[in-house]
Amino acid sequence: MIYVMFVCLGNICRSPMAELIFANMAEEEGLAMNFCITSYGISNEEEGNPIYPPALKTLNDHGLDGVHRARQLSLTEIINNDYIIVMDSNNLMDILRITGGRFGEKVFKLCDFTSNPRDIADPWYTRDFERTYADIEDGCRGFLEYIKKQRMGNGGYQTNSKDKFFPL
């Protein structure tokens, strides 16, 4: 099982969008059973709140749906996940602060897995949820390809067809 956690500031826009987009991609490739996918926020100010309605509308417009309640990140989640995927440089700095600089080998910015590394702008401020969706989708696609090469192409997974991976 590969434990993946997406992180943004409040856990009501970007990180739950990434969680649902990545889960859908894994499902479409027949890989969902290989992952435990979650999301958290750095801040506690949105804790317990659902996905922000414009973010949920954008997901729905792309055929995705999900139920989510915002949760605040703790050191325990960082320790217990294989990959901590943040949306921007501020989230990265917050993770380093929380961990005292430890666990850096498993913390990545989502769009570092693309041909155009960048921060994913917070749509709470930009109001551009479509752009955020596109950036997250690009990053998730790159991250899934990275995982397939790094973790699934090493003999630790078997396939039920010529291009579907499942744990041994």
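**Observations concerning the overall build of the protein**
- Within the protein, the secondary structure is distributed over six helices and six strands.
- Put simply, the protein runs from its N terminus to its C terminus through helices and strands in the order β-α-β-α-α-β-α-β-α-α-β-β.
- Taken against the 2.2 N^0.38 rule, which gives 15 Å for 168 residues, the C-alpha radius of gyration of the protein at 15 Å falls within 12% of a compact globule.
- With the principal axes as the frame, the protein shows a C-alpha extent of 45 × 40 × 30 Å.
- Counting only residues that meet the buried cut, the protein has 49% of its 168 residues in that class.
- Long-range pairs, those at least 24 residues apart, make up 74% of the contacts in the protein between residues at least 6 apart in sequence.

**Details of the state of the cysteines**
- One pass over the full model with this rule turns up zero disulfides.
- Considering cysteine sulfurs only, Cys-140 is the nearest to Cys-111, which forms no disulfide, with 8.7 Å between them.
- The exposure class assigned to Cys-111 is buried, which follows from its relative accessible area of 0%.

**Quick notes on the packing of aromatic side chains**
- Evaluated as defined, the whole model comprises 12 aromatic pairs.
- Centre to centre, the rings of Tyr-52 and Trp-124 are 4.7 Å apart; their planes meet at 55°, and the pair counts as tilted. Of the two residues, Tyr-52 is situated in the loop between β2 (35-41) and α2 (53-61) and Trp-124 in helix α5 (residues 123-126); the sequence distance between them amounts to 72 residues.
- The exposure class assigned to Tyr-52 is buried, which follows from its relative accessible area of 19%.
- Ring plane angle 90° and centroid distance 6.4 Å describe the contact between Tyr-83 and Tyr-146, whose orientation is recorded as edge-to-face. Remark: Tyr-146 occurs in helix α6 (residues 129-152) and Tyr-83 occurs in strand β3 (residues 83-86); sequence separation between them is 63 residues.
- Classification of Tyr-83 as buried rests on a relative accessible area of 7%.

**Side note on the pairing of β3**
- The alternating pattern of β3 places Tyr-83 and Ile-85 and Ile-84 and Val-86 on opposite faces, both of which are buried.
- Note that strand β1 (residues 2-8) and β3 share four bridges and pair parallel. When the sheet's bridge partners are listed, Phe-6 is paired in β3 with Ile-85.
- When β3 meets strand β4 (residues 107-109), the two strands line up parallel, connected through three bridges. Bridge pairing in β4 links Val-86 to Lys-109.
- In this fold, the crossover linking β3 to β4 by way of helix α4 (residues 89-99) has right-handed handedness.

**Quick look at the pairing of β2**
- For β2, the buried fraction is high: six of the seven residues fall into the buried class.
- Examined bridge by bridge, β1 and β2 share seven bridges and lie parallel to one another. Paired with Phe-6 across the bridge in β2 is Ser-39.
- The parallel pair β1 and β2 is bridged by helix α1 (residues 14-28), and the resulting crossover is right-handed.

Conventions and cut-offs
Residues numbered from 1 in each chain as written. Predicted model: local features only at pLDDT ≥ 70, side-chain atom pairs only at ≥ 80, totals over all residues. Heavy atoms only, no water. Helix = DSSP H or I, 4+ residues; strand = E, 2+ residues; numbered from the N terminus. Rg over C-alpha atoms; globule rule 2.2 N^0.38 Å. Buried < 20%, exposed > 50% of the residue type's maximum accessible area, 1.4 Å probe, protein only. Contact = heavy atoms within 4.5 Å. Disulfide = S-S within 2.5 Å. Phe/Tyr/Trp six-rings, centres within 6.5 Å; stacked < 30°, edge-to-face > 60°. Pairing = 2+ DSSP bridges. Right-handed = clockwise from strand over helix to strand, strands pointing away.

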